[in-house]
Amino acid sequence: MSSVQSAVTTDQRPALVKTLLASPILGPVAALLMASIFFAVMSPRFLTGPNFSLILQQVMVVGVLAIGQTLVIITTGIDLSNGMVMALSGVLIASFAAQKGLNPWLAILIGLVIAMAFGMLNGGLVTGIGLPAFIVTLGTMNIAYALTRIYTTSTITNLPKELTFLGETFNLAGTAIAYGTVLMIILYAITWFVMKYTAPGRSVFAVGDNIEAARLAGINTKRVLLGVYTFAGLAYGIAALLQVARTGVGDPQAGQTSNLDSITAVVLGGTSLFGGRGSIVGTLIGALIVGVFRNGLQLMGVESTYQVLITGILVIAAVSVDQLTHRK
């Protein structure tokens, strides 16, 4: 009787809900199209090659941050530290290469290792002590921020070309595309493949869906979580390199709202805060939505403070939709 009732209940779900559940990226794609149409009407500069190039350059930093954030959220965690870890890593990369005289590639490697160390610290505290991810990453966010400010409060300039290469562009169909954008797309493609077609990727979803069931099925849940947070740290280090390349400086003020932007991109992309469900492709679309909104509001002359306000509203709206869909 219960199975019959379940079938009836499933059949009675609204068609829109069933469609969104079957293909969760349809909603983000529709939102991206509507936002693009709106800003195209509001500003004639929106639908131009140079503006698309600017959007992609802005998206590449948040987009790579959101890769790590996606995996963390799929496991029912959240990472508030990513923006500050990115800022610290970026400052150290720039300082070691431009001021300390280190080989630029060695400076990049050190920055990536430090970002991964923060990810490993987050994962170790979550798995080893059992602390909530929110509390752990809130603490490491403040640690990374303090270390950045202790190290320097000045912008680091005169960077070697090895650090700025990813910010350079090439021409594609009349539009300048940054090499960093290509790197971002490659990272998304690799992550998508791993999450969809490999055992470690499926283990991440299993842990997020039901960690106890995953443990009973023979999955080393602690190792999976530690791996997720460490990989997320690597993504934040790469985002730091992209931030340095795009701006041409090591900025200790970078990343102030990046955690909010990355969470917004992930949630807008259809990844559930309840864990176990998400799409890396959806996250890319969500990052594009964030970039389109930021760019469109700038073209409309909206102040940056209100841009942050609107981003916050987007987060609440996306989480509300996630909550309603989860209940359905």
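For the structure, see preceding data.
Calculation notes
- Sequence order sets the numbering: in each chain, residues are counted from 1 along the sequence as written.
- Whole-chain, interface and lining totals are the exception, using all residues; otherwise, since this is a predicted model, local features are given only for residues with pLDDT of at least 70 and side-chain atom pairs are given and counted only at 80 or more.
- The side-chain quantities take in all heavy atoms of the structure and omit both hydrogens and water.
- Helical segments are the DSSP runs of H or I of at least four residues, strand segments are the runs of E of at least two, and each set is numbered from the N terminus.
- Only C-alpha atoms enter the radius of gyration; for comparison, a globular chain is expected to reach 2.2 Å times N to the power 0.38, where N is the number of residues.
- Only heavy atoms matter for contacts: two residues are in contact if any of them lie within 4.5 Å across the pair.
- Only the protein chains shown count as cover for residues, and all accessible areas are computed by the Shrake-Rupley method using a 1.4 Å probe.
- Under the counting rule used here, the positive set is Lys and Arg, the negative set is Asp and Glu, and His together with the chain ends is not counted.
- To locate a charge, take NZ of a lysine, CZ of an arginine, CG of an aspartate or CD of a glutamate.
- Salt-bridge detection follows one rule: a side-chain nitrogen of Lys or Arg within 4 Å of a carboxyl oxygen of Asp or Glu.
- Burial classes: relative accessible area under 20% of the type maximum marks a residue as buried, over 50% as exposed, and values in between as partly exposed (1.4 Å probe, protein chains only).
- Think of a 1 Å grid over the protein atoms and nothing else: a 1.4 Å probe that fits but is trapped marks a cavity, an open set flanked by protein within 12 Å on at least five of seven lines marks a pocket, and residues with an atom within 4 Å of a point count as lining.
- Grid points are joined across faces, edges and corners, and a volume is the space filled by probe spheres set on the points.
- We call Asp, Glu, Lys and Arg charged. Ala, Val, Leu, Ile, Met, Phe, Trp, Tyr, Cys and Pro are nonpolar, and the rest, Gly among them, are polar.
- Axis geometry follows a simple rule: fit a line to the C-alpha atoms, using only the stretch in contact for helices, then measure angles between N-to-C directions, giving values from 0 to 180 degrees.
- Angle categories: roughly parallel below 35 degrees, roughly antiparallel above 145, roughly perpendicular from 65 to 115, and oblique for all the rest.
- The crossing is said to be left-handed when, going from far helix to near helix, the turn is anticlockwise and less than a right angle, and right-handed when the turn is clockwise.
- As used in this structure description, the phrase polar contact means that two N or O atoms lie within 3.5 Å; if the pair is within protein, one of them must be able to donate a hydrogen and the other to accept it, and residues adjacent in sequence are counted only when both atoms belong to side chains.

**Quick notes on the overall build of the chain**
Inference 1: Scanning the chain from terminus to terminus reveals 15 helices and two strands.
Inference 2: Radius of gyration (C-alpha) of the chain: 20 Å, near the 20 Å computed for a compact globule of 328 residues.
Inference 3: Counted over contacts in the chain with a minimum sequence separation of 6, partners at least 24 positions apart contribute 76%.
Inference 4: Accessible surface, the chain as shown: approximately 15300 Å² in total, 67% of it carbon and sulfur.
Inference 5: Here the chain contributes 16 positively and 10 negatively charged side chains, and the mean placements of these two sets differ by 5 Å.

**Side note on the pattern of salt bridges**
Inference 1: With the rule as written, the count across this model stands at two salt bridges.
Inference 2: For Glu 212, the salt bridge goes to Arg 215, with nearest N and O atoms at 2.5 Å. Linking Glu 212 with Arg 215, this pair stays in helix α11 (residues 211-216), spanning three residues, or about one helical turn.
Inference 3: The partly exposed category is assigned to Glu 212, whose relative accessible area is 39%.
Inference 4: According to the relative accessible area criterion, Arg 215 is partly exposed, its value standing at 44%.
Inference 5: Residue Arg 294 is joined to Asp 261 by a salt bridge in which the shortest nitrogen-to-oxygen separation is 2.9 Å. Of the two residues, Arg 294 is situated in helix α14 (residues 280-299) and Asp 261 in helix α13 (residues 258-268); the sequence distance between them amounts to 33 residues. In this structure, Arg 294 and Asp 261 share a single accessibility class: buried.

**Here's the deal with empty space enclosed by the protein**
Inference 1: According to the stated counting rule, one finds one cavity of 30 Å³ or more in the structure shown.
Inference 2: In this structure, the largest cavity encloses a volume near 60 Å³.
Inference 3: Among the secondary structure elements, those contributing two or more residues to the lining of the largest cavity are α5 (82-98) and α12 (221-247).
Inference 4: Residues of the lining of the largest cavity, tallied by class, amount to seven nonpolar, four polar and one charged.

**Focus on the environment of Gly 208**
Inference 1: Looking at where Gly 208 falls in the secondary structure, it is placed in helix α10 (residues 199-209).
Inference 2: The sequence separation of Gly 208 and Gly 111 amounts to 97 residues, and the corresponding C-alpha distance is 29 Å.
Inference 3: Excluding residues that lie within four positions of it along the chain, Gly 208 makes contacts with Ile 74, Thr 75, Thr 76, Phe 274, Gly 275 and Gly 276.

**Concerning the packing of helix α6 (residues 104-129) against helix α7 (residues 133-151)**
Inference 1: Packing of α6 against α7 leaves a shortest axis separation of 9 Å and a crossing angle of 150 degrees. Classified by the angle their axes make, α6 and α7 are roughly antiparallel. When the axes of α6 and α7 are compared, the crossing they make is right-handed. Contacts between α6 and α7 pair Phe 118, Leu 121, Asn 122, Leu 125 and Val 126 from the former with Ala 133, Val 136, Thr 137, Thr 140, Ile 143, Ala 144 and Leu 147 from the latter.

**Some points on the side chain of Thr 191**
Inference 1: Position of Thr 191 relative to the elements: it lies in helix α9 (residues 179-197).
Inference 2: Overall, the relative accessible area of 6% leaves Thr 191 in the buried class.
Inference 3: Here the side chain of Thr 191 touches Leu 187 through a polar contact of 2.8 Å, landing on its backbone oxygen.

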